[in-house]
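Spelled out from the first residue to the last, the chains are:
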Amino acid sequence: MTLGILNDLIRGFCVGVAASITVGPVAVLCIQRTLSKSRRSGIVSGIGVACADTFMAMAALFFYSMLQTQIEQYNTLLRVIGGIFVVIVGVYIFTQNPVPQIRRNRAGKSSLWQDFASIFGLTIANFIMVIPYILAFFAVFKISSGEVAGTGIGGFVRAVFVIAGFFAGASAWWTLLASVISLFRRRFRPRHMLTINHVAGLVIGILGIYTILSTFFSIFPNVGH
């Protein structure tokens, strides 16, 4: 029993890490916040992504098979809406002046709650792309909804440990990323931060446009988050 639980935790942890290692809008945003705000902002933003991904991992395990028909029916609309949302975030970041934000950070007026909520919303808005992406990694590590969620109380308990491992893995990855990026933060000056905002906003905007175009045209394999 103990070995089974440990195995479920480890497999869930591996899926959480694997599903988080992407070069998508939220990864760019976490890096941008770590450099232009603080390490705490980057970590809190990463935890926001991990929480959103965990909710979607739960949906993938318990509800995706039931909702698959409805999701496929509105797939195009949902992808376009998600892409538009990402483009809006990119434009917002591109136009932001980092100097006032740096001053607020130094004065202790930066809101970590806003960092968490905004990136949580951005991640959830792209669930139509993220859930199948997470499901693919569940398949890689041989985790299926029927195996862990369809065998009564025992299966439910196993699913809980898989999800707990997933959250731990995702949180560990984003915390590590923010901590490593933070090591380079002191080398950046306000003018560098402005460039970072422009680059991050441009990359996020392009990823959003890609999401919209790839809905109608086959361009490249889907970008995760």
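Above this text is the structure in question.
Residues numbered from 1 in each chain as written. Predicted model: local features only at pLDDT ≥ 70, side-chain atom pairs only at ≥ 80, totals over all residues. Heavy atoms only, no water.

A. A look at the nonpolar core. Ranked by size, the top nonpolar core spans 20 residues in total, and within it Leu29, Trp174 and Ile204 carry the most contacts. Put simply, the parts of the chain that give this core at least two residues each are α2 (25-36), α3 (39-62), α5 (75-94), α7 (112-125), α10 (152-182) and α11 (190-216). Per-element accounting of this core gives the leading share, six residues, to α2. Non-local contacts of Trp174, meaning those with residues more than four positions away in its chain, are made with Ser20, Val26, Ala27, Cys30, Gly46, Val49 and Ala50. Ranked by size, the runner-up nonpolar core spans 14 residues in total, among them Ala57, Leu61, Phe138 and Phe166. (Core = buried A, V, L, I, M, F, W, Y, C linked by side-chain atoms within 4.5 Å. Buried < 20%, exposed > 50% of the residue type's maximum accessible area, 1.4 Å probe, protein only. Helix = DSSP H or I, 4+ residues; strand = E, 2+ residues; numbered from the N terminus. Contact = heavy atoms within 4.5 Å.)

B. Looking closely at the pattern of salt bridges. Scanning the model with the defined rule gives two salt bridges in all. Between Arg11 and Asp8 there is a salt bridge, and its shortest N-O distance comes to 3.4 Å. One end of the pair, Arg11, and the other, Asp8, are both in helix α1 (residues 2-20), three residues apart, so they sit about a helical turn from each other. When its relative accessible area of 2% is taken as the criterion, Asp8 is described as buried. The partner of Lys37 in a salt bridge is Asp115, and the shortest N-O contact between them spans 2.7 Å. (Salt bridge = Lys/Arg side-chain N within 4 Å of Asp/Glu carboxyl O.)

C. Representation of the environment of Leu176 within the structure. As for its position among the elements, Leu176 is in helix α10. When the C-alpha atoms of Leu176 and Ile43 are compared, they prove to be 8.3 Å apart, with 133 residues separating the residues in sequence.

D. Representation of the packing of aromatic side chains. This structure, assessed with the given rule, holds three aromatic pairs. For the ring pair Phe55 and Phe120, a centre distance of 6.0 Å and an interplane angle of 90° mean the geometry is edge-to-face. With Phe55 in helix α3 and Phe120 in helix α7, this residue pair connects regions lying 65 residues apart in the sequence. Under the relative-accessibility criterion, Phe120 is labelled partly exposed at 23%. Ring plane angle 15° and centroid distance 5.8 Å describe the contact between Trp113 and Phe116, whose orientation is recorded as stacked. One end of the pair, Trp113, and the other, Phe116, are both in helix α7, three residues apart, so they sit about a helical turn from each other. (Phe/Tyr/Trp six-rings, centres within 6.5 Å; stacked < 30°, edge-to-face > 60°.)

E. Representation of the side chain of Ser41. Inspection of the secondary structure puts Ser41 in helix α3. The exposure class assigned to Ser41 is buried, which follows from its relative accessible area of 0%. Ser41 has contacts with Arg33, Leu112 and Asp115, leaving out every residue within four places of it along the chain.

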